[in-house]
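# Structural overview for review
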Amino acid sequence: MKMVFISKIKRIALFVLMLSMVSLVVHLSITRLSGAYSMQSTLMPFNGFDFTASIFAPQSDRFVRNMKLWGPVMSLKSLQPYANPRSNYPVPDEGNNGYIYAKIFGGFEKIRSSICDLVTISRLLNATLVIPEIQESLLSKGISYKFKSFSYLFDEDQFIASLSNDVNIVKSLPENLKAARQRNEVRTYKPKRSASPNFYVKEILPVLKKSKVIGLVLHDGGCLQVGYAHFDDRSMLFHLAPILVGCDALIDDHGQISVMSILPPSMSEFQRLRCRVAFHALKFRREIQMVGQLMVQRLRASGQPFLAFHPGLVRNILAYHGCAELFQAKISDVHTELIQYRRAQMIKQGILNGEVGVDSHIHRDNGSCPLMPEEVGLLLQAMGYPNRTVIYVAGSETFGGQRVLIPLRAMFSNTVDRTRVCTKQELSDLVGPETPLPLNPFQPPPTKSEEQLKEEWNMAGPRPRPLPPPPDRPIYQHEKEGWYGWITESDTEPDPSPVDLRMQAHRLLWDALDYIVSVEADAFFPGFHNDGSGWPDFSSLVMGQRLYESASSITYRPDRRVLAELFNITRDNMYYHLNYSWKLSVREHLNKSLSEDGLIRQSLLSKPTTFLSHPLPECSCRIPSADVPKQVKGSDGRFLYGGEDECPTWMKHSQEDTHFESTVAEDGSNGNNELEYENDGVEQQESDDNAVKSSLTQLPVDQDNEWDPND
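Residues numbered from 1 in each chain as written. Predicted model: local features only at pLDDT ≥ 70, side-chain atom pairs only at ≥ 80, totals over all residues. Heavy atoms only, no water.

## Thoughts on the packing of helix 19 (residues 498-520) against helix 20 (residues 538-549)
One way to put it is that helix 19 packs onto helix 20 with a least axis distance of 9 Å and a crossing angle of 40°. One element, helix 19, and the other, helix 20, form an angle in the oblique class. Crossing of helix 19 against helix 20: the hand is right-handed. Between helix 19 and helix 20, the contacting residues are D511, D514, Y515, S518, V519 and E520 on the first element and F538, L541, V542, Q545, R546 and E549 on the second. For the contact of helix 19 with helix 20, the per-class residue count stands at five nonpolar, two polar and five charged. (Axes fitted to C-alpha atoms, helices over the stretch in contact; angles between N-to-C directions. Helix = DSSP H or I, 4+ residues; strand = E, 2+ residues; numbered from the N terminus. Parallel < 35°, antiparallel > 145°, perpendicular 65-115°, else oblique. Left-handed = near helix turned anticlockwise from the far one by under 90°. Contact = heavy atoms within 4.5 Å. Nonpolar A, V, L, I, M, F, W, Y, C, P; charged D, E, K, R; others polar.)

## As for the state of the cysteines
As enumerated under the stated definition, the model contains three disulfides in all. At a sulfur-sulfur separation of 1.9 Å, the disulfide partner of C275 is C619. On the sign convention where negative is left-handed, the bridge of C275 and C619, at about 90° about the S-S bond, is right-handed. You can see C275 sitting in helix 8 (residues 268-281) and its partner C619 sitting in the loop between helix 23 (596-606) and strand 16 (620-622), a full 344 residues away along the chain. As far as burial versus exposure is concerned, C275 and C619 are alike and both buried. There is a disulfide in this structure between C323 and C369, and the S-S distance comes to 2.1 Å. Sign of the S-S torsion, about -100° for the bond between C323 and C369, identifies this disulfide as left-handed. One end of the pair, C323, is in the loop between helix 10 (315-320) and helix 11 (333-349); the other, C369, is in the loop between helix 12 (360-365) and helix 13 (373-383), with 46 residues separating them in the sequence. Neither C323 nor C369 differs from the other in exposure class; each is buried. Each disulfide of the protein joins two cysteines, and with those cysteines numbered along the sequence the arrangement is 1-4, 2-3, 5-6. (Disulfide = S-S within 2.5 Å. Buried < 20%, exposed > 50% of the residue type's maximum accessible area, 1.4 Å probe, protein only.)

## Notes on the sheet that holds strand 13 (residues 415-416)
Paired through their backbone hydrogen bonds, the strands of a sheet run either parallel or antiparallel. The sheet built from five strands is open, its strands ordered 13-12-11-14-15 with parallel pairing. A single partner strand is all that each edge strand has here, and the edge strands are strand 13 and strand 15 (554-555). Two strands pair when backbone bridges link them, and strand 11 (residues 307-310) and strand 14 (residues 523-526) are joined in this way by four bridges, in the parallel orientation. Bridging from a neighbouring strand, F309 pairs with F525 of strand 14. (Pairing = 2+ DSSP bridges.)

## Some thoughts on the confidence of the model for the protein
Per-residue confidence for the protein gives a mean pLDDT of 77; residues scoring 70 or more make up 74%. Per-residue pLDDT, averaged within each element of the protein, yields its smallest value for strand 10 (residues 257-259) (35) and its largest for strand 12 (residues 391-393) (97). Counting interchain partners and residues more than four positions distant, the pLDDT-below-50 stretch residues 33-63 has 81 contacts. In the model, residues 654-711 has pLDDT below 50 throughout and makes 122 contacts with residues more than four positions away in sequence or in other chains. (pLDDT = per-residue confidence, 0-100.)

Written out as C-alpha cells, the structure reads:
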C-alpha cells in the first residue's frame, strides 16, 4: 500500500509539473506578443515598423466616441476664416519705390513671423520684395543642392502666386542692383521687432526711393509692431492713402495721417495681409507636405483621434524666463549650468534685464516657466484622457532629451514622435542628398600632468584656513560627451561645428513636420505658449493657425499661473493623492481655456506682441447664430473678441451636418457602452453648459500598465 501511495504522489507531481510547463509557455507567448505591441509605443528610433500590423491598424469595430473630450467647442463654431480685404485694395503696380531684400536669422518660429512682417512692410512702402534669405539653412555648408535658403522650407512659386494681388515678389535682384550689393553699396538696416510704421516711412522710404534698394537684417522674429505715424510728405500720403482707406486712419485737412498704436484696428488691412501670408502663402515645399500628411494619416489609421503636445522646453525660453533650477533634480547639474550660461549671454547682449541667479520656483509660480511633461500628463489624466490615448510629441528641440519625457510615457504608453511615425528613409529623402561631412567624434581634453596641476594649485590664490577648499563636483564621462560637453572643461561655449550647423538646418524640417501634425491634430496642448513676453514660439503659432482655420477645434490655452497654484496644493504627493475636487478644478480651468474666456485672455496677453497667435477679429468672420457672442474691447477701444464682421453669403452654411454627426456619434456611444474607454481610475467629467463635446476611441490592444518603457 505504501508503494502504491508513493506512486500516486509521483504521478500527481508529474501532472502538476506538466501543467506548470504549459502555463509557462502560454505566459511567455502572451508576454512576447504584448511586448511587441508595447515596444511600439516607446520614443525610440524607428526600426522599419509595419504600421498595418501595429496599434495604429484600423479597428472600426472597437471605435467609440466620447463626446466630452474630442468634440468641437460649440460656442466657437460660428467663427470662420476670412482674411480677404474688406475695403478698396488696389493691385500693386510695376512702378514702385524699389526693392527690399532681407536676411532672416533664427529658428522656425522667427522665420515665419519675420516673413509675414516683411511682406507687410513691402506693401506699406510700395516696394518689390525679393525672396528672403533664411540664414539657418545658408550657414549650413553642404546641404542638399535641390533646396536653397527659402526653398529649403517653403514653396517659392506658391508664395509668389498667392501674394500677386498684394505685393510684387521676385526671386532675385536685377543684375545692376545685385552688383551694387556685392560691392556693399546698398544701405542695410537692422530693425527691432517693435519697429513702428513711422520708422519705415520716415527713415527707410526716402533712402529706398533714392537708391532703389535697401536691405533688412532680422534677428528678433519680426520687424513691425507698435507705433504712431504722422506723415507730412504729400508723396508719402499718395502712396499710403489707397492702403489706409477704410482702416480708421485719421487724415486731417493738412494731409497728415495718424496711425494709432498697435496695428489693429487702424491698419486692419495690413493685419489681414499678415494672415494671408501666414495661413495661405507660406506653404511648405511639396516633399514636406507629403510626409506631414502621411504622418497624420498614420496617427489616425486606427480611426481614433490623437492629441499633439509641444513641451516648449527650449534652452532660450528656459534661460529667458529663469527656469534653470527646474532641471537640477530631474536631469543633471550640467543642464542647469547650460541654461545659466545662456541667460548670462542674454544679459550681456542686452536682450534681458535681470540677474543670472534667480529663484526658478518663484518664476514657475508666476507662470513664466513651461509645464513639465509629468505635470501635463497629470492634467490630461484629470481631464479624463485614458492612458492609451495617442499623444504626439512635437518639437525638434526638447531640452533634457528623452529623459524628461519618461514620466509622460509612463502615464500614456502610446506617446510617439516623428521617429516613431516616419521611417529613417522617409526622413532621409526629405533632407535630400547632402555633401558628406567629416566625422566629429568627441575628443576628450588632454590629460594634465602632475606639474601642471601643482602650478594651477599655486596660482589659485589664497584659500580659507584652516579648512581645505571644497571638492569639485564630480564630472562623469557621459557629461563630457555631446554638444554640451564643453561646460565641464571651458567657461565659454565654442562656435558651432559644421555638424551642429547642419543639425540646426535639419531642425527647420522637423519643426515643419511637427507644425503640420500639430495643426491637423484633434487636440493640441502647449507646454509653453507666448503670454506677451519673449519671442514668437512654436505653440503660439500653432494655436493661431488652429484658431484661424478651425476655431472650434480642441486647443487648450492654459494659464500656467493658475495651474502652478493647483500643483502647489498637492505637489508633495501629486502622484498618489489627486483628490476629486482637485480634478474638478483642473477640468473647470482647462474647459474655460478652450472657450471664449480662453480666447479673451490670450488676446489680452499675446495679441499686442504676436498677432499671429490671435488673428481675431480682423482675419475672421462670424456666421449668425442663436447665441450672441461676448463683445470685449481693450483699453484703446478695439475689439478683442466679438467684433468680427458677418460672413459673406457664399460662406454661410447650415449647421445640420454638424448636428447630424454629433447625433450619430452619441447614438453609437449609447449603443456600445461596453466598448467605451474606461477612465483608469479617473472620475468621469460632469457635463454642463460650457462642457466641450468630444469624441474618444479605443486602441484595440490592451497593454500592460506596469510595463517599463526603458526595458
